[in-house]
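Tertiary structure, described
Now for the letters of each chain:
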Amino acid sequence: MEALRLIEISRHALAQSRSAPEIVAEAWQIQALAQAIGSRLVMSGPAELRGEARGLGEIGGRGCGVLDHPMVRSGGARATQLSGVSDPEAALIGLNVLLGEVGIALVGVACATDDEGLYWQCIETIDAADESSDRVRGMLRRLAEHQPERPPETVRGRAGPAGTVAEMGPAAGTS
């Protein structure tokens, strides 16, 4: 299955997760997907991404640990269905959004639990998702460097406000 499709399936599954075990299971699925995308990009992605992609694969592996962990729902790791990454830029943008969403969901679980083991599991997985996101942003920067017609911040969707306070006029900076 194509990377973008797996990312969308994962986003939907995370959004449907209501309990702490379901959210943690989806976090493990998402880290496994990050690992699989990283590994796929190492083998067949653009040459400029291979170093960062290798790091993404390693971080994803730390974040999901053993794929047969009891928190992963029956059916195994969704990432094993990955057949390709036809549009690396779109897949990386989607993966970055997904990693942010899983981090937010895990913060909610960590804040709501009284189970110290679950709390620390969430914290470790949040750290892994954050490291994965850093690698993904690095790959997006590298792609942008090879597309000089598009500024790197626009590629990542982080161009910021349309204008500065000075450009908008004197009333823009006041409340």
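Everything that follows concerns the structure shown earlier in this document.
What comes next concerns the included structure. (Residues numbered from 1 in each chain as written. Predicted model: local features only at pLDDT ≥ 70, side-chain atom pairs only at ≥ 80, totals over all residues. Heavy atoms only, no water.)

To continue, consider the packing of aromatic side chains. All chains considered together, the criterion is met by one aromatic pair. Ring geometry for Tyr 119 and Trp 120: centres 5.0 Å apart, planes at 85°, overall edge-to-face. (Phe/Tyr/Trp six-rings, centres within 6.5 Å; stacked < 30°, edge-to-face > 60°.)

Here the focus is the packing of helix H1 (residues 3–16) against helix H4 (residues 88–112). Relative to each other, H1 and H4 sit at 15°, their axes nearing to 9 Å. It follows that H1 is roughly parallel to H4 by the angle criterion. Note on packing geometry: the crossing formed by H1 with H4 is left-handed. Mapping the contact onto sequence places Ala 3, Leu 4, Ile 7, Ser 10, Arg 11 and Leu 14 in H1 and Ala 90, Ala 91, Gly 94, Leu 95, Val 97, Leu 98, Glu 101, Val 102 and Ala 105 in H4. Its residues assigned to classes, the contact of H1 with H4 shows eleven nonpolar, two polar and two charged. (Axes fitted to C-alpha atoms, helices over the stretch in contact; angles between N-to-C directions. Helix = DSSP H or I, 4+ residues; strand = E, 2+ residues; numbered from the N terminus. Parallel < 35°, antiparallel > 145°, perpendicular 65-115°, else oblique. Left-handed = near helix turned anticlockwise from the far one by under 90°. Contact = heavy atoms within 4.5 Å. Nonpolar A, V, L, I, M, F, W, Y, C, P; charged D, E, K, R; others polar.)

Our focus in this paragraph is the pattern of salt bridges. Inspection of every chain in the model, using the stated rule, returns five salt bridges. Here Glu 8 and Arg 11 are joined by a salt bridge, their closest N and O atoms 3.9 Å apart. You can see Glu 8 and its partner Arg 11 sitting in helix H1, three residues apart, about one turn around the helix. In this structure, Glu 101 engages Arg 11 in a salt bridge whose closest nitrogen and oxygen atoms are separated by 2.5 Å. Here Glu 101, found in helix H4, pairs with Arg 11, found in helix H1; they are 90 residues apart in sequence, far enough to count as distant. Judged by its relative accessible area of 29%, Arg 11 falls in the partly exposed class. Via salt bridges that share partners, Glu 8, Arg 11 and Glu 101 belong to a single interconnected network. (Salt bridge = Lys/Arg side-chain N within 4 Å of Asp/Glu carboxyl O. Buried < 20%, exposed > 50% of the residue type's maximum accessible area, 1.4 Å probe, protein only.)

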